[in-house]
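Next come the chains, spelled out residue by residue.
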Amino acid sequence: MKINRGREKSLHSERRSETFTGTVWADRVLSDPKGAVGIGSVFFEPKARTYWHRHSGGQVLVVTHGQGRVRSGDGNGGVIAAGDVVHIAPGEEHWHGAEPDNYLLHLAISLGQTEWLRAVTDEEYRQGFE
Ligand code: MN
């Protein structure tokens, strides 16, 4: 057996709570000191999700494991699963999170600043999915 070490020992997963509902953990993959781009690996327990928010330069989500949901303010979106890649336009109001019976792990590539709005209600979480 051989283990290729890709993770610094000093790196700790960060519990995200202020702008998330449920248990969410994030690992920083890259953070640009100028704030132009942030890359994170984000783990959502079942039912966990972000608040409504926008990215000034847009965002790409690469779903690596599990199954989740994404929804924009105009009602677009749907169920997402491993292998899916979601492109979110600059300024597009949206949320993302796990399905009720599945965890979700995605890589989030965020461009520009993130503006957090408000929590996604249980009704909004269910709307169009159940
Ligand atoms: Mn987002």
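Provided above is the structure to which this section pertains.
First, a word on what this report is: a plain description of the structure on this page.

Rules behind the numbers
- Residues numbered from 1 in each chain as written.
- Predicted model: local features only at pLDDT ≥ 70, side-chain atom pairs only at ≥ 80, totals over all residues.
- Heavy atoms only, no water.
- Helix = DSSP H or I, 4+ residues; strand = E, 2+ residues; numbered from the N terminus.
- Buried < 20%, exposed > 50% of the residue type's maximum accessible area, 1.4 Å probe, protein only.
- Polar contact = N/O pair within 3.5 Å; in protein donor to acceptor, adjacent residues only side chain to side chain.
- Contact = heavy atoms within 4.5 Å.
- Donors = N, O, S within 2.8 Å, 3.2 Å for Na, K, Ca; no water.
- Salt bridge = Lys/Arg side-chain N within 4 Å of Asp/Glu carboxyl O.
- Core = buried A, V, L, I, M, F, W, Y, C linked by side-chain atoms within 4.5 Å.
- Phe/Tyr/Trp six-rings, centres within 6.5 Å; stacked < 30°, edge-to-face > 60°.
- Lys NZ or Arg CZ within 6 Å of the ring centre and 35° of its normal.

**Some details on the side chain of His-106**
In step 1: In this structure, His-106 sits in strand E11 (residues 104-111).
In step 2: Overall, the relative accessible area of 1% leaves His-106 in the buried class.
In step 3: A polar side-chain atom of His-106 sits 3.1 Å from a polar atom in the side chain of His-96.
In step 4: Apart from the residues lying within four places of it in its own chain, the contact partners of His-106 are Gly-40, Ser-41, Val-42, Phe-44, Leu-61, Val-62, Val-63, Thr-64 and His-96.

**Let's talk about the environment of Phe-44**
In step 1: For Phe-44, the position within the fold is in strand E4 (residues 37-44).
In step 2: A residue is classified by how much of its surface remains accessible, and Phe-44, at 0% relative accessible area, is buried.
In step 3: Separated by 22 residues in sequence, Phe-44 and Gly-22 place their C-alpha atoms 7.8 Å apart.
In step 4: What Phe-44 contacts, discounting residues up to four positions off in sequence, is Phe-20, Thr-23, Val-24, Arg-49, Thr-50, His-96, Gly-97, Ala-98, Tyr-103, Leu-104 and His-106.

**Let's talk about the environment of Thr-121**
In step 1: Assignment of secondary structure puts Thr-121 in the loop between strand E12 (114-116) and helix H1 (122-126).
In step 2: The class for Thr-121 is partly exposed, based on a relative accessible area of 38%.

**Describing the coordination of the manganese ion**
In step 1: Protein coordination of the manganese ion is provided by His-53 (NE2), His-55 (NE2), Gln-59 (OE1), His-94 (NE2) and His-96 (NE2), with donor distances spanning 2.1 to 2.2 Å.
In step 2: Every donor residue of the manganese ion comes from the same chain, spaced as H-x1-H-x3-Q-x34-H-x1-H. Separated by 39 residues along the polypeptide, His-55 in strand E6 (residues 53-55) and His-94 in strand E10 (residues 94-98) bring together distant segments of the chain. Neither residue differs from the other here; His-55 and His-94 are each classed as buried.

**Re the pattern of salt bridges**
In step 1: One pass over the structure, following the stated rule, counts six salt bridges.
In step 2: A salt bridge links Arg-69 to Glu-99, with the shortest nitrogen-to-oxygen separation between them at 2.4 Å. Of this pair, Arg-69 sits in strand E7 (residues 59-72) while Glu-99 sits in the loop between E10 and E11, and the two are 30 residues apart along the sequence.
In step 3: Accessibility expressed as a relative area gives 2% for Arg-69, which makes it buried.
In step 4: By relative accessible area, which is 11% here, Glu-99 ends up buried.
In step 5: If you follow the salt bridges from partner to partner, you end up with Arg-54, Glu-93 and Glu-115 in one network.

**Some details on the nonpolar core**
In step 1: If you look at the biggest cluster of nonpolar residues, it comprises 15 residues, and the most contacted ones within it are Val-24, Val-42, Phe-44, Leu-61, Ile-80, Val-86 and Leu-104.
In step 2: Elements represented by at least two residues in this core include exactly strand E3 (24-31), E4, E7, strand E9 (85-88) and E11.
In step 3: With three residues, E7 is the single largest residue contributor to this core.
In step 4: Not counting residues within four places of it along the chain, the set of residues in contact with Val-24 comprises Glu-14, Arg-15, Arg-16, Val-42, Phe-43, Phe-44 and Ala-48.
In step 5: Counting residues in each nonpolar core, the second largest holds five residues, with Trp-95, Val-120, Tyr-125 and Phe-129 among its members.

**Side note on the packing of aromatic side chains**
In step 1: All told, the structure shown has five aromatic pairs when counted by the stated rule.
In step 2: In this structure an aromatic cluster arises from ring pairing among Phe-20, Phe-44 and Trp-116.
In step 3: Above the face of the Tyr-125 ring, Arg-69 is positioned so that its terminal group lies 4.4 Å from the ring centre.

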